[in-house]
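Understanding the architecture of this molecule
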Amino acid sequence: MTLREINFDGIIGPSHNYAGLSFGNLASGLNKGNVSHPKAAALQGVEKMRHNLDLGLAQGFFVPLPRPDHDWLADLGTTVQDVPASLRPAAFSASAMWAANAATVSPAPDTADERCHLTVANLRTMAHRSHEWPDTFSQLRCAFGNAEHFRVHRPIPPTFGDEGAANHMRLGSAHAAAGVEVFVYGQRGGAFPARQHVEASRAIARHHQLDEERTLFVAQSEEAIAAGAFHNDVVAVANENVLFCHELAFEDRPSFYAALRRLLPDVEIIEVPASAVSLGDAIKSYMFNAQLVTLPQGGMGLILPEEARETPSVWRWLEEMASGNGPIGELFVVDVRQSMANGGGPACLRLRVVADPETVDPRFIADQQKLDDVSEIIEEHWPDRIAPDDLTNPELWEQLESAREALLDGLELSDLT
Ligand code: SUG
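What comes next concerns the included structure. Model, not experiment: these values are computed from the prediction. (Residues numbered from 1 in each chain as written. Predicted model: local features only at pLDDT ≥ 70, side-chain atom pairs only at ≥ 80, totals over all residues. Heavy atoms only, no water.)

**Re the overall build of the protein**
- Within the protein one finds 15 helices and 15 strands.
- Since a compact globule built from 417 residues should have a radius of gyration of about 22 Å, the 20 Å found for the protein is in line with a globular shape.
- Projected onto its principal axes, the C-alpha positions of the protein cover 60 × 45 × 40 Å.
- Scored against the burial criterion, the 417 residues of the protein give a buried share of 60%.
- Of all intrachain contacts in the protein linking residues separated by at least 6 positions in sequence, the fraction that spans at least 24 positions is 77%.
- Taken as a whole, the protein presents about 16000 Å² of accessible surface, with 48% of it coming from carbon and sulfur.
- For the protein, the separation between the mean place of its 32 positive charges and that of its 58 negative charges on side chains is 5 Å. (Helix = DSSP H or I, 4+ residues; strand = E, 2+ residues; numbered from the N terminus. Rg over C-alpha atoms; globule rule 2.2 N^0.38 Å. Buried < 20%, exposed > 50% of the residue type's maximum accessible area, 1.4 Å probe, protein only. Contact = heavy atoms within 4.5 Å. Areas by Shrake-Rupley, 256 points an atom, 1.4 Å probe, with all protein chains shown as cover. Lys, Arg positive; Asp, Glu negative; His and termini not counted. Charge placed at Lys NZ, Arg CZ, Asp CG, Glu CD.)

Now the structure itself:
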């Protein structure tokens, strides 16, 4: 069995729109009411996947969830025809594109039963995200249905908010040995909500049968949340023995770093000082919401959004880092502007799973041919634009549903409906 890191990207759904639904996510608030471009958004996502394949990385995907969500509307005692205006956008959100929030994943080497464990996130803090989990759960159970290698858990009860892998980091030098799992939770966020509750993180660690000695629970800094870092992955990212983060990411960084160094003596902590890059620039540019990947030829690379290159303090710092002797030697830039305008960068769009690709349902594994097919379906079926008022148009509802159906048909995933 060969364990590999596989990044599963959420294919951006046809209902992608800007409804300003995520209080505390600055981009979402800023772009509220703008016209979205779902076709361009989805094609940008596909290009990012192609780029990763070209780098020699393993790539998978998840399909968009059914939108409008009739089941959720029925639970709320309404229908797509009658839903109050205040709830309508939440029923249409394509937010499942941000696969980093789909689940928390612990790879097999870290768990007592040596299976890869996934807990679907309840996403209870934001109404538009709180109804993702039932369909995400079905999809995860399908993709990771091989019970010899995977265990997919139901969500943590909604009393305790859980936002999945966006608040979780796994460090370790190899896939063969147990790593260190770091759960980052929020306590306070100034005016903004802290979305990850420590009790949810603790419950996940128990479900995943992690070694208590190698599991850390670390508070996100209130300052970071208050500045717009609604998830830890907006200010930190880890890969193997490297932690790349902003100086103000964690509430008590000396204790966290000390614990990490004790458990993982060869850990390399690359901390970006606030004097070089302000928290504001880090959040605006999403420099940490990058995919930090190990390249097949050796060394690590950062897959960054265009916005990082456009922010002078950030790009200066990154170029200097990459030209030094540190572990991160390559910078790659991708265009995911449509997603970025809702606060979702390259790292938000993917869920990392360490597994043998042979043990995953092959329908969820990408290759260039399959991505060609997906692009064609997107070109043909995804709307060019959605303005806020369009969500009341029955013709759009029909188009959204038939677009998803065409994609599921094309990928032979119609059993997911
Ligand atoms: O939950 N935006 C998402 C962005 C998620 C980013 N994910 C990670 N950081 N991993 C959120 O805030 C905006 C939708 C809208 O406003 O229409 C939204 O849900």
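What follows picks up the thread again.
**Overview of the nonpolar core**
- One finds Leu118 and Phe144 to be the most contacted residues of the largest nonpolar core, which totals 81 residues.
- Excluding residues within four positions of it along the chain, Leu118 makes contact with Ala103, Thr104, Val105, Leu140, Phe144, Phe150, Arg151, Val152, His153, His208, Leu351 and Val353.
- Listed in part, the 21 residues of the second largest apolar core include Val237, Met287, Phe288 and Leu304. (Core = buried A, V, L, I, M, F, W, Y, C linked by side-chain atoms within 4.5 Å.)

**Here we look at the environment of Gly301**
- Following the sequence through the fold, Gly301 ends up in strand S13 (residues 300-305).
- When neighbours within four sequence positions are excluded, Gly301 is seen to be in contact with Gln291, Leu292, Val293, Leu295, Ile328, Glu330 and Phe332.

**Section: the site of the ligand**
- Of all residues adjacent to the ligand, which total 20 residues, the nearest are Leu21, Ser22, His128, Asp233 and Cys348.
- A distance of 2.6 Å separates an oxygen atom of the ligand from a polar atom in the side chain of His128.
- Separating an oxygen atom of the ligand from a side-chain N or O atom of Arg129 is a distance of 2.8 Å.
- In isolation the ligand has 490 Å² of accessible area, and contact with the protein removes 99% of it.
- Here the residues of the shell around the ligand are counted per class, giving 7 nonpolar, 10 polar and 3 charged. (Near = heavy atom within 4 Å. Polar contact = N/O pair within 3.5 Å; in protein donor to acceptor, adjacent residues only side chain to side chain. Nonpolar A, V, L, I, M, F, W, Y, C, P; charged D, E, K, R; others polar.)

**Let's talk about the pattern of salt bridges**
- In total, this model carries 20 salt bridges according to the counting rule given.
- Here Glu271 and Arg253 are joined by a salt bridge, their closest N and O atoms 2.7 Å apart. Residue Glu271 is found in strand S11 (residues 268-272), and its partner Arg253 is found in helix H9 (residues 253-263); the two are separated by 18 residues along the sequence.
- On the basis of relative accessible area, Glu271 is assigned to the partly exposed category, the value being 23%.
- With relative accessibility at 27%, the residue Arg253 sits in the partly exposed group. (Salt bridge = Lys/Arg side-chain N within 4 Å of Asp/Glu carboxyl O.)

**A word on helix H14 (residues 368-381)**
- In this model, H14 (14 residues) spans 20 Å end to end at C-alpha, consistent with the 20 Å of a helix rising 1.5 Å per residue.
- Listing the buried residues of H14 in full gives Lys370, Leu371, Val374, Ser375, Ile377 and Ile378. One side of H14 carries all its buried residues, which in axial view fall inside an arc of 165°. Projecting away from the buried face of H14 at angles above 90 degrees are the exposed residues Glu376 and Glu380.
- Contacts from the buried residues of H14 go to helix H2 (38-54), strand S2 (58-62) and helix H15 (394-410).
- Where H14 begins, the capping side chain belongs to Asp367, and its oxygen is found 3.2 Å from the backbone nitrogen of Gln369. (Expected span 1.5 Å × (residues − 1). Arc of directions from axis to C-beta.)

**Examining H15**
- Counted at 1.5 Å a residue, the expected span for H15 with its 17 residues is 24 Å, and the 24 Å between its end C-alpha atoms agrees.
- For H15, the full list of buried residues reads Leu396, Trp397, Leu400, Ala403, Arg404, Ala406, Leu407 and Leu408.
- Contacts from the buried residues of H15 go to helix H4 (88-92) and H14.
- Among the residues of H15, the N-terminal cap falls to Asn393, whose side-chain oxygen and the backbone nitrogen of Glu395 are separated by 2.8 Å.
- Glu412, located one to two residues past H15, shows a positive phi value of around 55°.

**Describing the packing of H2 against H14**
- Two numbers describe how H2 lies on H14: the axes approach to 10 Å, and their chain directions differ by 175°. In terms of orientation, H2 and H14 fall into the roughly antiparallel class. On the side of H2, the interface is formed by Lys39, Ala42, Leu43, Val46, Met49, Arg50, Leu53 and Asp54, while H14 contributes Gln368, Leu371, Asp372, Val374, Ser375, Ile378 and Glu379.
- Looking at the contact of H2 with H14 residue by residue, the classes come out as 8 nonpolar, 2 polar and 5 charged. (Axes fitted to C-alpha atoms, helices over the stretch in contact; angles between N-to-C directions. Parallel < 35°, antiparallel > 145°, perpendicular 65-115°, else oblique.)

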